[in-house]
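Listed below are the residues making up each chain.
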Amino acid sequence: MNTEIIKINPEKIDQKKIKKAGQAIQDGKIVAFPTETVYGLGANALNEKAIEKIFLAKNRPFYDPLIVHISCLEEIIDLVSELPAIARKLAEKFWPGPLTMVMKKSTKVSDIVTSGLDTVAIRVPVHPVAQALIREAKRPIVAPSANLFTHVSPTNAKHVIDDLQGKVNIIIDSGKTSVGLESTVVDVTELPIQILRLGGVTVEQIMKVTTEVSIANEDNKTKKSPGMLKKHYSPKAKLILVEGKNDKMISNILSIASKYKKNGNKVGIIASSENSDKYIGYLVRVLGNANDLDTCARNLYKQLRLLDEMKCDIIISENYENKGIGRAIMDRLRRASS
Ligand code: TXA
Ligand code: MG
């Protein structure tokens, strides 16, 4: 398949280009596009044949349900059978933005979207190109992250091209994404609401809206959200996450790294800027200042992909503080290392 790459400046959207991409969605084609979290691979949410193409392009198993993207809360009407009061409250606060809500689906939503579940996941992205694309397509758009299944999610167009060129019709290139990790997925069908995936909207932010929140453990996560596999979001290299207090962590990383290096492995290290000069002799990729968790989140996937490109056999990562978006960073690192 010939993949067309269309550059769109998010600050000055070229309507002609968006029209072309919107038309492609209407025509049943698949289009990779930027959101504020990661790039998505989009198709008309009401066209089963088009949706099937997404699974095939990504090599994604059909048991992993998709998120439906709409441009505003009003468009939810056709998709859900009920809109819980808490969903309305969360939407007011976090939409458009990196929050996905799981609700009881309407009969209009196909089983291929939900993998046969009676719920559907819905999100309103804030990225101007995503917004414009949904409006131009005049249809809700299903979009998983635009990477090969289980690979690291794409945070710029090059990542999408590396994984999907030749397998999709269009890739929109609007530069890098701002959040850098996927949306938070929360089941709002019952109270307490349950966070199924940590992401762009933090637990602390949700707690300000309601204290009736639980975070799903691995067991009920996979039951409720079949795509939430423990091993996920992983680079090709083996990843080792070293937890612990700073000095101890650094010395542990150095001793693990030297062991692997002695055995002939190429070792990469994911570090904060404060510690980056501690790992002499290794390939060090910096996420940002350890206190600036937003920046660290934004850079994580890019640096994991870079270390893969550099053909590292082993990636050793520092740990990050378990608060704010740091929880989502740690969640992804734990998964990648499992
Ligand atoms: O930030 C994001 O959410 C990105 C951008 C493109 O919007 N999308 C994304 O999609 O990360 P994907 O397919 O990679 O992850 C969707 C997650 C999966 O873990 C899936 O299991 C869960 O959402 N999910 C989808 N529908 C669900 C449902 N009805 N119930 C529970 N979990 C669901
Ligand atoms: Mg994904």
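Above this text you will find the structure in question.
The notes below deal with the structure included here. Note that the structure is a prediction, hence the values are computed from the model and not measured.

1. Section: the packing of helix 10 (residues 293-309) against helix 11 (residues 326-336)
Orientation of helix 10 relative to helix 11, taken along the N-to-C sense of each, is 30°, at an axis distance of 9 Å. In terms of orientation, helix 10 and helix 11 fall into the roughly parallel class. For the crossing formed where helix 10 meets helix 11, the hand is left-handed. Contacts between helix 10 and helix 11 pair Leu-293, Cys-296, Ala-297, Leu-300 and Tyr-301 from the former with Gly-326, Ile-329, Arg-332 and Leu-333 from the latter.

2. Re the sheet that holds strand 10 (residues 193-197)
A sheet is described by the order of its strands in space; here 11 strands give the open sequence 1-8-2-3-7-4-6-5-9-10-11, paired in mixed fashion. Strand pairing shows two members of the sheet lacking a second neighbour, strand 1 (4-7) and strand 11 (213-215), which therefore form its edges. Bridge analysis of strand 3 (residues 40-44) against strand 7 (residues 141-142) gives two bridges, and the strand direction is antiparallel. The partner of Ala-43 across the bridge, within strand 7, is Val-142. Its contacts with the sheet place helix 3 (residues 85-94) against strand 5 (99-104) and strand 10, and it is angled at close to 160° to strand 5. Packing of helix 6 (residues 157-164) onto the sheet brings it into contact with strand 1, strand 2 (31-33), strand 3 and strand 8 (170-173), and relative to strand 8 it is tilted by some 160°.

3. Details of the sheet that holds strand 12 (residues 238-241)
With respect to topology, four strands assemble into an open sheet ordered 12-15-13-14, the strand pairing being parallel. The open sheet has two free edges, formed respectively by strand 12 and strand 14 (283-288), since each of these has just one partner strand. The average angle at which neighbouring strand axes cross in this sheet is 20°, direction not considered. Bridging between strand 13 (residues 267-272) and strand 15 (residues 314-317) involves four bridges; their strand directions are parallel. Counterpart to Val-267 in the pairing with strand 15 is Ile-314. Strands in contact with helix 11 are strand 12 and strand 15; relative to strand 12, the strand with the most contacts, it is inclined by about 130°.

4. Observations concerning the nonpolar core
Note on soluble globular proteins: their nonpolar side chains tend to be buried together. If you look at the biggest cluster of nonpolar residues, it comprises 75 residues, and the most contacted ones within it are Leu-90 and Met-101. With seven residues, helix 10 is the largest single contributor of residues to this core. Ignoring any residue separated from it by four or fewer positions in sequence, one finds Leu-90 in contact with Trp-95, Leu-99, Met-101, Val-188, Ile-193, Ile-206 and Val-209. Judged by nonpolar contacts, the second largest core, of 18 residues, contains Ala-21, Val-129, Ala-130 and Ile-141.

5. Side note on the site of ligand 1
Within the structure, ligand 1 sits among 26 residues, and Thr-37, Arg-60, His-69, Ser-183 and Ser-225 are positioned closest to it. One nitrogen or oxygen atom from the side chain of Thr-37 is found 2.7 Å from an oxygen atom belonging to ligand 1. A distance of 3.1 Å is found between a nitrogen atom of ligand 1 and a side-chain nitrogen or oxygen belonging to Thr-119. Computed on the free molecule, ligand 1 has an accessible area of 680 Å², of which 98% lies beneath the protein chains in the complex. Those elements that provide at least two residues to the shell around ligand 1 are strand 4 (67-69), strand 6 (119-123) and strand 10. Per-element accounting of the shell around ligand 1 gives the leading share, four residues, to strand 6. Tallied by class, the residues present in the shell around ligand 1 amount to 12 nonpolar, eight polar and six charged.

Here is what the cut-offs are and how they apply
- Residues numbered from 1 in each chain as written.
- Chains lettered and ligands numbered in written order.
- Predicted model: local features only at pLDDT ≥ 70, side-chain atom pairs only at ≥ 80, totals over all residues.
- Heavy atoms only, no water.
- Axes fitted to C-alpha atoms, helices over the stretch in contact; angles between N-to-C directions.
- Helix = DSSP H or I, 4+ residues; strand = E, 2+ residues; numbered from the N terminus.
- Parallel < 35°, antiparallel > 145°, perpendicular 65-115°, else oblique.
- Left-handed = near helix turned anticlockwise from the far one by under 90°.
- Contact = heavy atoms within 4.5 Å.
- Pairing = 2+ DSSP bridges.
- Core = buried A, V, L, I, M, F, W, Y, C linked by side-chain atoms within 4.5 Å.
- Buried < 20%, exposed > 50% of the residue type's maximum accessible area, 1.4 Å probe, protein only.
- Near = heavy atom within 4 Å.
- Polar contact = N/O pair within 3.5 Å; in protein donor to acceptor, adjacent residues only side chain to side chain.
- Areas by Shrake-Rupley, 256 points an atom, 1.4 Å probe, with all protein chains shown as cover.
- Nonpolar A, V, L, I, M, F, W, Y, C, P; charged D, E, K, R; others polar.

Read these as geometric descriptors, not functional statements.
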